[in-house]
Amino acid sequence: MSDAIIMTQKNYDDLQKELEELVKVKRPEIIERIAEARSHGDLSENAEYDAAREEQRTNEGKIAEIEYKLKNADIRAEVTDTNYVHLDSRVTVFDFELGEEDTYTVTSVTDVDVMNNKISIESPVGSALLHKRVGDVVTIKCPEGEYKMEIRNIE
């Protein structure tokens with residue numbers, strides 16, 4: 001599977017719930033709004049119709065994206081071992097360049113939330129941390145260059 005999207009069973013189940021909501025609830029609501037807007041006549045200057053059609057395009061795009069992720073899911077067992085970094089590990093690192101500690105949760109691409117330090121296992125930092133242990137110094141390679149981090153704690 002070259003397009004494999006690594007995730008846990010929980011990630012997979014969450015995506016299925018989101019897909020069901022988009023298909024069974026949101027899609028019919030949008031179709032109803034489009035029908036209502038059409039009933040108002042001239043579509044060429046109907047902002048309500050344009051907005052509903054745009055929302056429909058966005059919703060259908062999200063449905064296609066989730067279906068793709070589910071189709072290409074590579075479900076990994078949840079691991080609780082804190083001896084090494086794995087999917088869903090919470091890792092405290094010391095960034096030598098910044099001179100400070102930070103904590104990241106290494107997640108599936110389906111669960112990324114950069115604002116809450118949830119990083120993908122496919123990101124430069126996430127992939128460098130994967131399978132490493134406390135005390136290991138990892139080199140992060142990114143377009144701006146390289147920098148090093150030391151793993152201080154794994155939860």
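Everything in this summary refers to the structure shown in the same document. (Residues numbered from 1 in each chain as written. Predicted model: local features only at pLDDT ≥ 70, side-chain atom pairs only at ≥ 80, totals over all residues. Heavy atoms only, no water.)

A closer look at the side chain of Ser123
Then, number 1: Note on placement: Ser123 falls in the loop between β5 (118-120) and α3 (124-129).
Then, number 2: Owing to a relative accessible area of 18%, Ser123 belongs among the buried residues under this scheme.
Then, number 3: A distance of 3.0 Å separates a polar side-chain atom of Ser123 from the backbone nitrogen of Gly126. (Helix = DSSP H or I, 4+ residues; strand = E, 2+ residues; numbered from the N terminus. Buried < 20%, exposed > 50% of the residue type's maximum accessible area, 1.4 Å probe, protein only. Polar contact = N/O pair within 3.5 Å; in protein donor to acceptor, adjacent residues only side chain to side chain.)

Structural notes on the side chain of Thr105
Then, number 1: Of note, Thr105 is situated in strand β4 (residues 100-107).
Then, number 2: The class of Thr105 is buried, set by a relative accessible area of 16%.
Then, number 3: Not counting residues within four places of it along the chain, the set of residues in contact with Thr105 comprises Asp88, Ser89, Arg90, Asn117, Lys118 and Ile119. (Contact = heavy atoms within 4.5 Å.)

Remarks on helix α1 (residues 9-38)
Then, number 1: Spanning 30 residues, α1 covers 42 Å between terminal C-alpha atoms, matching the ideal 44 Å at 1.5 Å per step.
Then, number 2: The sharpest bend along α1 reaches about 35° and sits at Lys26, with the proline Pro28 one to four residues further on.
Then, number 3: Listed in full, the buried residues belonging to α1 are Asn11, Tyr12, Leu15, Leu19, Leu22, Ile30, Ile34 and Ala37. (Expected span 1.5 Å × (residues − 1). Bend = angle between axes of the 7 residues up to and from the residue.)

Focus on the sheet that holds strand β6 (residues 137-142)
Then, number 1: Spatially, the five strands line up as an open sheet ordered β5-β4-β3-β7-β6, and their pairing is mixed. Each of the sheet's edge strands pairs with one partner strand only, and the pair in question is β5 and β6. For this sheet, the mean inter-axis angle between neighbouring strands, taken without regard to orientation, is 45°.
Then, number 2: Direction of pairing for β6 relative to strand β7 (residues 145-154): antiparallel, over a ladder of six bridges. Across the sheet, Thr139 pairs through a bridge with Lys148, a residue of β7. (Pairing = 2+ DSSP bridges. Axes fitted to C-alpha atoms, helices over the stretch in contact; angles between N-to-C directions.)

Considering the environment of Lys141
Then, number 1: Take Lys141: it is sitting in strand β6.
Then, number 2: Sequence separation between Lys141 and Ile66 is 75 residues; the distance between their C-alpha atoms is 29 Å.
Then, number 3: When near neighbours in sequence (up to four residues on either side) are disregarded, Lys141 contacts Pro124 and Glu146.

Thoughts on helix α2 (residues 47-71)
Then, number 1: The terminal C-alpha atoms of α2, which comprises 25 residues, lie 36 Å apart, in line with the 36 Å expected from a rise of 1.5 Å per residue.
Then, number 2: Those residues of α2 that sit buried are Tyr49, Ala52, Asn59, Ile63, Ile66, Lys69 and Leu70.
Then, number 3: Where the residues of α2 are buried, they touch β1 (5-8), α1 and β2 (73-76).

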